[in-house]
Amino acid sequence: MNANLSTHDSEYKGFIDLRSDTVTHPTPEMRRAMAEAEVGDDVYGDDPTVNKLEAMAAEMLGKEAAVYVPSGTMANVAATMSYVRRGDEVIVGSRSHMYLNEQGAMAALCQAQAMPIVENPDGTLPLEAIEAAIRESDEHHPITRLVCIENTQNVCGGQPLSAAYTEAVGALARKHGLRFHIDGARIFNAAVALNVSAAELARPADSIMFCISKGLCAPVGSVLCGDREFITQARRARKILGGSMRQAGIIAAAGVVALASMIERLENDHENARRLAQGLANIDGIVITPPNVRTNMVYFELAPSVPYTAGELAEKLKGRGVLVGPVGPRRFRAVLHYWVSPAQVDRAVEVFADSLRQQA
Ligand code: TLP
């Protein structure tokens, strides 16, 4: 582990907080950068710190331009809104954030409909299924406009999607004249896990968004990247969505620190995720699914022998200082991040083991 930027004991009211990487606080370096940030009115393009964050993001993702938005959800919605016309269809994963967790924004805000495709266990959308979903030209049909993938794929286990797979989706999109967007909320986790650059993972796509507010520890926001023309459209979409901010350099400053210094250390979170998975796998009553942990997420289930639901167990764990999110009646997700140290991982495993022993 990188000693300086490894992981730190949680500061959150004494809890070991495994609910998400969205719970991360800014680091001391970020707080200093925020206090000292140069700012201006970003709607006039006058905020030097926002401009710096957008320029760094565009360069790191290998795109011409970028726009800073308040959330990952807004980044996905602004991207979709920039591409589609009323009644168009969007090919998207059935377990993706864009399909499951954005309140149907594709329909509600973009006037498009989703064509959900069931993911493979590794988080990829089968290429044949994507191709089969593309509508033939017929006046009865909507027009297929856009294909979206999620990298890492959260609900499938934080799975990183390879550059070769992304290339294949890009080739399919080009062949059929579709636009291609990546929800790369955790693209840097994927890049670190696969040992490739984020730009390589983004290259075949017209646009990609990533979050600075998750494993990278900045407090607010996401960055949407693409070519200049697309970003002009996305800025318009951000405006109508109410996401244009003024002296946003205060929060963008943390993003600049994140991009400069918080990426390589994500490997520590992946190592801690494997440590947690190994610890949990040794406890009677816990089944890790999928068994291979690739990035910073660990999904697991209670064996049928355990006489409690995930919600009931989560309450007991909370009473003992461990916060973990139930994601189904018997299923949990634990997410590792900067504010969980290896010692806290071991402590969390102990608390799980004890709580399940008491229940037996
Ligand atoms: N994910 C959150 C929850 O909303 C589920 C989490 O705790 O994982 N894309 C992906 C792949 C995401 O996981 C998320 C957030 C978003 C987009 C949205 O980002 P925000 O929360 O900034 O709107």
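Keep in mind it's a predicted model, so treat the numbers as computed, not measured.

Each value, and the rule that gives it
Residues numbered from 1 in each chain as written. Predicted model: local features only at pLDDT ≥ 70, side-chain atom pairs only at ≥ 80, totals over all residues. Heavy atoms only, no water. Domains from an automatic or database assignment. Contact = heavy atoms within 4.5 Å. Buried area = accessible area lost by both parts, 1.4 Å probe. Salt bridge = Lys/Arg side-chain N within 4 Å of Asp/Glu carboxyl O. Polar contact = N/O pair within 3.5 Å; in protein donor to acceptor, adjacent residues only side chain to side chain. Helix = DSSP H or I, 4+ residues; strand = E, 2+ residues; numbered from the N terminus. Nonpolar A, V, L, I, M, F, W, Y, C, P; charged D, E, K, R; others polar. Buried < 20%, exposed > 50% of the residue type's maximum accessible area, 1.4 Å probe, protein only. Pairing = 2+ DSSP bridges. Axes fitted to C-alpha atoms, helices over the stretch in contact; angles between N-to-C directions. Near = heavy atom within 4 Å. Areas by Shrake-Rupley, 256 points an atom, 1.4 Å probe, with all protein chains shown as cover. Parallel < 35°, antiparallel > 145°, perpendicular 65-115°, else oblique. Left-handed = near helix turned anticlockwise from the far one by under 90°.

**Thoughts on the domain arrangement of the protein**
So, point 1. What the domain assignment lists for the protein is domain 1 (5-25 + 265-357) and domain 2 (28-261).
So, point 2. Residue-level contacts link 21 residues of domain 1 with 21 residues of domain 2.
So, point 3. Summed over both sides, the interface between domain 1 and domain 2 buries roughly 1800 Å², with carbon and sulfur atoms accounting for 53% of that surface.
So, point 4. Here domain 1 is connected to domain 2 by 1 salt bridge.
So, point 5. Across the pair Asp21 and Arg186 runs a salt bridge, and its minimum N-O distance is 2.8 Å.
So, point 6. Along the contact surface separating domain 1 from domain 2 lie 6 residue pairs in polar contact (both at pLDDT 80 or more).
So, point 7. Sorting the residues of the side of domain 1 that touches domain 2 by element identifies helix 12 (266-281), strand 10 (297-302) and strand 13 (331-335) as the ones contributing at least two each.
So, point 8. A total of 3 residues in the side of domain 1 that touches domain 2 trace back to one element, the largest contributor, which is helix 12.
So, point 9. Residue composition of the side of domain 1 that touches domain 2, grouped by class: 7 nonpolar, 8 polar and 6 charged.

**Some details on the pairing of strand 13**
So, point 1. Taking burial as the measure, the 5 residues of strand 13 include 5 buried ones, the bulk of the element.
So, point 2. Of the two faces of strand 13, the one lined by Arg331, Arg333 and Val335 and the one lined by Phe332 and Ala334 are each fully buried.
So, point 3. Two elements, strand 12 (residues 325-326) and strand 13, share 2 bridges in a ladder whose sense is antiparallel. The partner of Gly325 across the bridge, within strand 13, is Arg333.

**Description of the sheet that holds strand 6 (residues 179-183)**
So, point 1. Spatially, 2-8-7-6-5-3-4 is the arrangement adopted by the 7 strands of the open sheet, whose pairing is mixed. Each of the sheet's edge strands pairs with one partner strand only, and the pair in question is strand 2 (65-69) and strand 4 (113-117). Sheet twist, expressed as the mean angle between neighbouring strand axes with direction ignored, is 20°.
So, point 2. In the sheet, strand 3 (residues 89-93) pairs with strand 5 (residues 144-150) via 3 bridges, with the strands oriented parallel. From the neighbouring strand, Glu89 faces strand 5, where its bridge partner is Thr144.
So, point 3. Taken strand by strand, helix 2 (residues 48-61) contacts strand 2, strand 7 (207-211) and strand 8 (222-226), and its axis lies near 125° from that of strand 2.

**Digging into the site of the ligand**
So, point 1. Near the ligand you find 14 residues, and of these Ser20, Gly72, Thr73, Asp183 and Arg333 are the closest.
So, point 2. Residue Gly72 places a main-chain N or O atom 2.8 Å away from an oxygen atom belonging to the ligand.
So, point 3. Here an oxygen atom of the ligand and a side-chain polar atom of Arg186 are 2.9 Å apart.
So, point 4. Considered on its own, the ligand offers 510 Å² of accessible surface; in the complex 79% of this is hidden by protein.
So, point 5. In terms of residue count, helix 3 (residues 72-83) provides more of the shell around the ligand than any other element does, 3 residues in total.
So, point 6. Partitioned by chemical class, the residues of the shell around the ligand number 2 nonpolar, 7 polar and 5 charged.

**Observations regarding the packing of helix 3 against helix 10 (residues 228-240)**
So, point 1. It is the contact of helix 3 with helix 10, at a shortest axis distance of 8 Å, that shows an interaxial angle of 120°. When the interaxial angle is binned, helix 3 and helix 10 end up oblique. Here helix 3 and helix 10 pass one another in a crossing that is right-handed. Each of Met74, Ala78, Ala79, Met81, Ser82 and Tyr83 in helix 3 lies in contact with helix 10, whose residues at this interface are Phe230, Gln233, Ala234, Ala237, Arg238 and Ile240.
So, point 2. For the contact of helix 3 with helix 10, the residue count by class is 9 nonpolar, 2 polar and 1 charged.

**Considering the pattern of salt bridges**
So, point 1. For the coordinates displayed, the defined rule picks out 19 salt bridges.
So, point 2. Arg246 is paired through a salt bridge with Asp41; the nearest N and O atoms lie 3.1 Å apart. One end of the pair, Arg246, is in the loop between helix 10 and helix 11 (249-261); the other, Asp41, is in the loop between helix 1 (28-36) and helix 2, and 205 residues separate them in sequence.
So, point 3. Of the charged contacts, one joins Asp346 and Arg275 as a salt bridge, the two residues approaching to 2.8 Å between their closest N and O atoms. Of this pair, Asp346 sits in helix 14 (residues 342-359) while Arg275 sits in helix 12, and the two are 71 residues apart along the sequence.
So, point 4. Of the residues examined, Asp346 reaches a relative accessible area of 33% and is grouped as partly exposed.
So, point 5. The exposure class assigned to Arg275 is partly exposed, which follows from its relative accessible area of 37%.

**Structural notes on the environment of Arg320**
So, point 1. By secondary structure assignment, the location of Arg320 is in the loop between helix 13 (310-319) and strand 11 (322-323).
So, point 2. Classification of Arg320 as partly exposed rests on a relative accessible area of 31%.
So, point 3. Every residue in contact with Arg320, bar those within four places of it in the chain, is listed here: Arg347, Val351, Asp354, Ser355 and Gln358.
So, point 4. Within the structure, Arg320 has its side chain in polar contact with the side chain of Asp354 (distance 3.3 Å).

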